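# An overview of the molecular structure
Each chain, letter by letter, is given below.
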Amino acid sequence: MTRRPKRAKGATPGGGPSARLFARARAVIPGGVNSPVRAFRAVGGTPVFVRRARGARLVSADGRALLDFCGSWGPLVLGHAHPAVVEAVQRAAADGTSFGACTKREVELAELLCAQVPSMKRVRLVNSGTEACMTAIRLARAHTGRAKILKFDGGYHGHADPFLVAAGSGLLTAGVASSAGVPGAVAADVLVAPYNDIAAVERLAVRHGRDLAAIVVEPVAGNMGLVPPAPGFLEGLRKIARATGAVLIFDEVITGFRLGPTTVGVLRGIAPDLTCLGKIVGGGLPIGAVGGRAGIMDRLAPLGDVYQAGTLSGNPVAVAAGLATLRTLLAEDPYARMAALGETLARGFDEAARRRGVAAHCAQLGGLFTVFFGEGPVRNLADARRCDAAAYARFFRRMLDAGIYLPPSAFETCFLSAAHTPADIARFLAAAARALASSS
Ligand code: KE4
């Protein structure tokens, strides 16, 4: 149970529209939210209810304009309400919102994904990153005839049962369910290793290799804060998966089309057997995708014996948003500019923390960054947990008071978009300097 820090002054006016909406929400929606992290339990205060957004800015129900570095947790790499995306959605919706039948547009999106990610010879569109990852696991188990999966502590792959498992008492023992309602029998087939610890994976492979169906990993971790792969880590996983016959699954729901017009697998020259996508490929509408080797993917019904289905899979409006987003990314290539803004932000933050004697640093890769309150570097979940989450919560509230909206959790990643400008970074750094000054 997270201790609720006291509500900050003015962050979200108590008794204002957001507070009133939150009270109404709590009467009919569990916790008042449709996804737990939105409830602000890790940072305190009343959740911001958003009225509308454009570019890099949100407008809250309280009428506050907020500079947004959460970006809906990643999909809005072009910024909110990008004209090309809005126009594509309006046009698609005017032709009908769902048919439960095949459309040309979903073929175009599948062709674009396979063209940009050569290891994806086939791709199946689904409705969320969770669906993509759970389908990947089912395919791996069918392909290998094995049951066990290996995930990494701090890795998040959505809320399907096999992924809601934390590390067990010992490295070589099975994981333990991290959510009520997940049977022990499900957790018994999940092994959990520390991220970036290839020696631990090697030990698990010696003991369990013959039973291993899949190794699933975020090739750049974004759910314990931003944690890049150590040199050789991904290459080591590729080698171990090949040696044991396990399916290597890259969960690129966050990183797909985030650091380049492709995946981290392509950027780093490592071909997983399956890749999971989401967020950006739906342009802010519900989409997920799982793709990879034809010999595995063709096990999916109706061709093969692995069942997977979805009423709204390949939804024409969501696919239109995804196509408009990806085509704009390919045409405008904002990646170098977002990376430059990210580097300026990270350097400026580290300098401000150093100058004020605050133990904090900013991990950054391209347009991804996380502020950690603790001595760096953060290489895995244990390192991330040693950071000061309460200090992050205070920083979050002070930045929100200054009109800057960050992810309401220390174990998440901030997102820049093509809509952010150098002036936005300067504003972030000025507010961060003041927020750090009041914590030193
Ligand atoms: P969704 O089912 O939420 O579309 O995707 C699940 C998922 C899978 N893989 C990775 C690497 C992910 O980051 C996610 C979802 N990300 C979280 C935030 N880190 C979504 C935010 C939320 O849960 O509200």
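This text goes with the structure placed above it.
The notes below deal with the structure included here. Keep in mind it's a predicted model, so treat the numbers as computed, not measured.

What follows deals with the packing of aromatic side chains. Tallying each qualifying case throughout the model produces 12 aromatic pairs. Where Phe69 meets Phe428, the ring centres are 5.1 Å apart and the plane angle is 70°; that geometry is what we call edge-to-face. Here Phe428 lies in helix H14 (residues 422-437) and Phe69 lies in the loop between strand S3 (65-68) and helix H2 (83-94), a separation of 359 residues in the sequence. For the pair Phe69 and Phe428, a shared accessibility class is recorded, and that class is buried. Judged by centre distance (5.8 Å) and plane angle (80°), the ring pair of Phe349 and Phe395 falls under edge-to-face. Here Phe349, found in helix H11 (residues 335-355), pairs with Phe395, found in helix H13 (residues 389-401); they are 46 residues apart in sequence, far enough to count as distant. Overall, Phe395 belongs to the buried group, its relative accessible area being 2%. Three or more aromatic residues joined by ring pairs form one cluster here, namely Phe40, Phe396 and Tyr405. Positioned above the aromatic ring of Phe22, the side-chain terminus of Arg26 is 4.6 Å from the ring centre.

On to the packing of H11 against H14. Following both chains from N to C, one finds H11 and H14 inclined at 20°, their axes separated by 10 Å at the closest point. Considered as vectors, H11 and H14 are oriented roughly parallel to each other. Regarding H11 and H14, the two cross each other, and that crossing is right-handed. In this structure, H11 contributes Leu341, Thr344, Leu345, Gly348, Phe349, Ala352 and Ala353 to the contact, and H14 contributes Pro422, Ile425, Phe428, Leu429, Ala432, Ala433 and Leu436. Taken together, the residues of the contact of H11 with H14 break down into 12 nonpolar, two polar and no charged.

Residues in close proximity to the ligand total 16 residues, the closest being Ser35, Thr130, Asn223, Asp251 and Glu412. One of the side-chain N or O atoms of Asn223 is found 2.5 Å from a nitrogen atom in the ligand. One of the side-chain nitrogen or oxygen atoms of Asp251 is found 2.7 Å away from a nitrogen atom of the ligand. Protein chains shield 85% of the accessible area of the ligand, which is 530 Å² for the free molecule. Counted by class, the shell around the ligand contains five nonpolar, seven polar and four charged residues. Per-domain counts for the shell around the ligand show at least three residues from each of domain 1 (17-68 + 334-437) and domain 2 (83-331).

Cut-offs applied
Per-chain numbering applies: the sequence of each chain, read as written, is numbered from 1 onward. Where totals are concerned, whole chains, interfaces and linings use all residues; where local detail is concerned, this predicted model gives features only for residues with pLDDT of at least 70, and gives and counts side-chain atom pairs only at 80 or more. In computing side-chain properties, one takes all heavy atoms of the structure into account and sets aside hydrogens as well as water. Pairing of aromatic rings covers Phe, Tyr and Trp, the last through its six-membered ring, and needs centres within 6.5 Å; plane angles under 30 degrees mean stacked, over 60 mean edge-to-face, and all others mean tilted. Put simply, DSSP H or I for four residues or longer makes a helix, DSSP E for two residues or longer makes a strand, and each gets a number counted from the N terminus. Relative accessibility under 20% of the residue-type maximum defines a buried residue, over 50% an exposed one, and the middle range a partly exposed one, all with a 1.4 Å probe and only protein chains included. Charge-over-ring placement is defined geometrically: NZ (Lys) or CZ (Arg) within 6 Å of the ring centre, and within 35 degrees of the ring normal. To define axes, lines are fitted to C-alpha atoms, for helices over the stretch in contact only, and angles between the resulting N-to-C directions are given on a 0 to 180 degree scale. The scheme is simple: roughly parallel for angles under 35 degrees, roughly antiparallel for over 145, roughly perpendicular for 65 to 115, oblique for anything else. Note on convention: the crossing is left-handed when the near helix lies turned anticlockwise from the far helix by less than a right angle, right-handed when the turn is clockwise. Between two residues, a contact is recorded if the distance between any of their heavy atoms is within 4.5 Å. Three classes are used: nonpolar for Ala, Val, Leu, Ile, Met, Phe, Trp, Tyr, Cys and Pro, charged for Asp, Glu, Lys and Arg, and polar for all others, with Gly counted as polar. Any residue with at least one heavy atom within 4 Å of a molecule or strand is counted as near it. Polar contact is defined as a pair of N or O atoms within 3.5 Å, subject to the rule that within protein one atom must be able to donate a hydrogen and the other to accept it, and that residues adjacent in sequence are counted only when both atoms are side-chain atoms. For accessible areas, the Shrake-Rupley method is used with a probe of radius 1.4 Å. Any residue's cover is judged against the shown protein chains and nothing else. By convention here, the domain bounds are inherited from an automatic or database domain assignment.

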